[in-house]
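Letter by letter, the chains look like this.
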Amino acid sequence: MSSTAMINGDDDLMEPTLQSILDQKTLRWIFVGGKGGVGKTTTSCALAIQLAKARKSVLLISTDPAHNLSDAFNQKFGKDARLIEGFTNLSAMEIDPNGSIQDVLAAGGEGVDEAMAGMGGMGNMMQDLAFSIPGVDEAMSFAEVLKQVKSMSYEVIIFDTAPTGHTLRFLQFPTVLEKALAKLSQLSQQFGPMLNSIIGARGGLPNGQNLDEMLSKMESLRETISEVNTQFKDADLTTFVCICIPEFLSLYETERMIQELSNYEIDTHSIVVNQLLFPKAGSDCQQCNARRKMQKKYLDQIEELYEDFNVVRMPLLVEEVRGKEKLEKFSEMLVQTYQPPQ
């Protein structure tokens, strides 16, 4: 747990808001994740809006194939960062998680993928060996993120992630890619003289590159990935906000995710519980009261299990949270304890 998580002095419980994340000025990477359909995108957008008030520049990135950022803000986003309408320091982009090995190579510099192809059978063999590591093909979206983000100077970056399984794999990608590129570099050193001969006979690499230049670019990519991987494991720089709803499957998935994050040494100390019902006292709505009773059971379990977390309670609203104005109202509830109407 991060030392910045706020404690309520009255009862020694963690403050039920995300204010601690806004106050932690050292944070650079914030992941928002959970089971599908629990309100990750809405919460990501709302948190980004609040962060834009506290930080100079904020980038919101969707790594979810569904790409709901465009729907949330009623504005089209793509693979390049674009300023969100109505903001001067909040941008968004949507990364396509379906990449290929060539995309990773291209991230090291223009023409690298063609260069590998230009080596003929030896290049293919190296490529096959280096990228036989499980999970590397899924890691392309991460390489794409790095390629885009490294050249930017955003103070904090928020990831609106895909459902839990994909998110956990996403967090493994830096390690997977680092291994793959290290293996490729090792193979290149072993077969370097032979490859130089082959490349020379074929008329050289595209764009006038030589093998050393290509390998240098790959090594640079590996170093970038290694640096980010180290940052992800630093609680001063990175945190993960878990989103759930008060139901069994969501609670189960949240517990699994928190255990995995601990295994990856990634800080997490905040849980947002969405879609809570707050029926008025004396309400005769049987369905409302029955569902509220069920929700209370799981909310009590969450608060018992995660007493050293900031557990934020968010209400089920009567309309969709879409567009700047509604997202701003929703965002206020992330930093102020929700008070249901009497």
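Residues numbered from 1 in each chain as written. Predicted model: local features only at pLDDT ≥ 70, side-chain atom pairs only at ≥ 80, totals over all residues. Heavy atoms only, no water.

- As recorded in an unreviewed UniProt entry, the chain goes by the name ATPase get3, listed as coming from Xylona heveae.
- Listed in UniProt under the heading Sequence similarities (unreviewed entry), the comment for the chain reads: "Belongs to the arsA ATPase family."
- According to the UniProt record, the Subunit (unreviewed entry) comment for the chain is "Homodimer." (UniProt positions renumbered as here; feature names shortened; annotations may be inferred.)

### Structural notes on the overall build of the chain
Alright, step 1. In terms of helices and strands, the chain carries twelve helices and ten strands.
Alright, step 2. Here the chain, with 342 residues, has 51% of them falling under the buried criterion.
Alright, step 3. Counting only contacts in the chain whose residues sit at least 6 apart along the sequence, the fraction spanning at least 24 positions is 78%.
Alright, step 4. Summed over all atoms, the accessible surface of the chain reaches about 15700 Å², with 49% contributed by carbon and sulfur. (Helix = DSSP H or I, 4+ residues; strand = E, 2+ residues; numbered from the N terminus. Buried < 20%, exposed > 50% of the residue type's maximum accessible area, 1.4 Å probe, protein only. Contact = heavy atoms within 4.5 Å. Areas by Shrake-Rupley, 256 points an atom, 1.4 Å probe, with all protein chains shown as cover.)

### A word on the pattern of salt bridges
Alright, step 1. A complete count under the given rule lists eight salt bridges for this structure.
Alright, step 2. The salt bridge partner of glutamate 332 is lysine 53, with a shortest N-O separation of 2.8 Å. With glutamate 332 in helix H12 (residues 324–335) and lysine 53 in helix H2 (residues 40–54), the pair connects residues that are 279 residues apart, well separated along the chain.
Alright, step 3. Looking at glutamate 332, the relative accessible area reads 29%, which means it is partly exposed.
Alright, step 4. Exposure remark for lysine 53: the relative accessible area of 56% places this residue in the exposed category.
Alright, step 5. Here lysine 326 makes a salt bridge to glutamate 319, at a shortest N to O gap of 3.8 Å. (Salt bridge = Lys/Arg side-chain N within 4 Å of Asp/Glu carboxyl O.)

### A few points about the side chain of asparagine 229
Alright, step 1. Mapped onto the fold, asparagine 229 is located in helix H9 (residues 211–232).
Alright, step 2. Not counting residues within four places of it along the chain, the set of residues in contact with asparagine 229 comprises Pro174, Thr175 and Glu178.

### Points about the state of the cysteines
Alright, step 1. Within the structure shown, the criterion is met by one disulfide.
Alright, step 2. Between the sulfur atoms of cysteine 285 and its disulfide mate cysteine 288 the distance is 2.4 Å. When the S-S torsion is 70 degrees, as for the bridge of cysteine 285 with cysteine 288, the disulfide is right-handed.
Alright, step 3. With no disulfide of its own, cysteine 242 lies 8.0 Å from the sulfur of cysteine 244, the closest cysteine sulfur. (Disulfide = S-S within 2.5 Å.)

### Digging into the environment of glutamine 75
Alright, step 1. Looking at where glutamine 75 falls in the secondary structure, it is placed in the loop between helix H3 (69–73) and strand S5 (82–83).
Alright, step 2. Setting aside chain neighbours within four positions, we find glutamine 75 in contact with Ser70, Arg82, Leu83, Ile84 and Glu85.
Alright, step 3. There is a polar contact of 3.0 Å between the side chain of glutamine 75 and the backbone oxygen of leucine 83. (Polar contact = N/O pair within 3.5 Å; in protein donor to acceptor, adjacent residues only side chain to side chain.)

### Looking at the layout of surface pockets
Alright, step 1. Roughly 480 Å³ of internal volume is contained in the largest pocket.
Alright, step 2. If you trace the largest pocket, you find 23 residues lining it, with Val38, Gly39, Lys40, Thr42 and Gln275 closest to the centre.
Alright, step 3. Looking at the lining of the largest pocket, the elements that each hand over two or more residues are H2, H3 and strand S9 (270–276).
Alright, step 4. By residue number, the principal contributor to the lining of the largest pocket is H2, which donates four residues.
Alright, step 5. The residue makeup of the lining of the largest pocket, split by class, is eight nonpolar, nine polar and six charged.
Alright, step 6. There is about 210 Å³ of room inside the second largest pocket.
Alright, step 7. Lining the second largest pocket are Leu276, Leu277, Phe278, Pro279, Ser283, Cys285, Cys288, Pro315, Leu316, Leu317, Val318 and Tyr338. (1 Å grid on protein atoms, 1.4 Å probe; cavity = no way out; pocket = protein on both sides within 12 Å on 5 of 7 lines; lining within 4 Å. Points joined across faces, edges and corners; volume = space filled by probe spheres on them. Nonpolar A, V, L, I, M, F, W, Y, C, P; charged D, E, K, R; others polar.)

### Details of the sheet that holds strand S10 (residues 310–315)
Alright, step 1. Here eight strands make up an open sheet; going across it, the order is S5-S6-S4-S7-S3-S8-S9-S10 and the pairing mixed. Every interior strand has two partners, whereas the edge strands, S5 and S10, have only one.
Alright, step 2. Here helix H10 (residues 248–263) sits on the sheet and contacts strand S3 (29–34), strand S8 (238–244) and S9; the angle it forms with S8, its principal contact strand, is near 165 degrees.
Alright, step 3. Lying on the sheet, helix H11 (residues 286–305) is in contact with S8, S9 and S10; it crosses S9 at an angle near 175 degrees. (Pairing = 2+ DSSP bridges. Axes fitted to C-alpha atoms, helices over the stretch in contact; angles between N-to-C directions.)

### Some thoughts on H10
Alright, step 1. Compared with an ideal rise of 1.5 Å per residue, which puts 16 residues at 22 Å, H10 spans 23 Å between its outermost C-alpha atoms and is within 8% of the ideal.
Alright, step 2. Taken as a whole, H10 has its buried residues at Ser250, Leu251, Glu253, Thr254, Met257, Ile258 and Leu261. Along the long axis of H10, the arc covered by the buried residues comes to 160 degrees, so they all point the same way. Of the residues in H10, the exposed ones pointing more than 90 degrees away from the buried face are Leu249, Tyr252, Ser262 and Asn263.
Alright, step 3. Where H10 ends, the next residue or the one after it, glutamate 265, has phi of about 65 degrees, a positive value. (Expected span 1.5 Å × (residues − 1). Arc of directions from axis to C-beta.)

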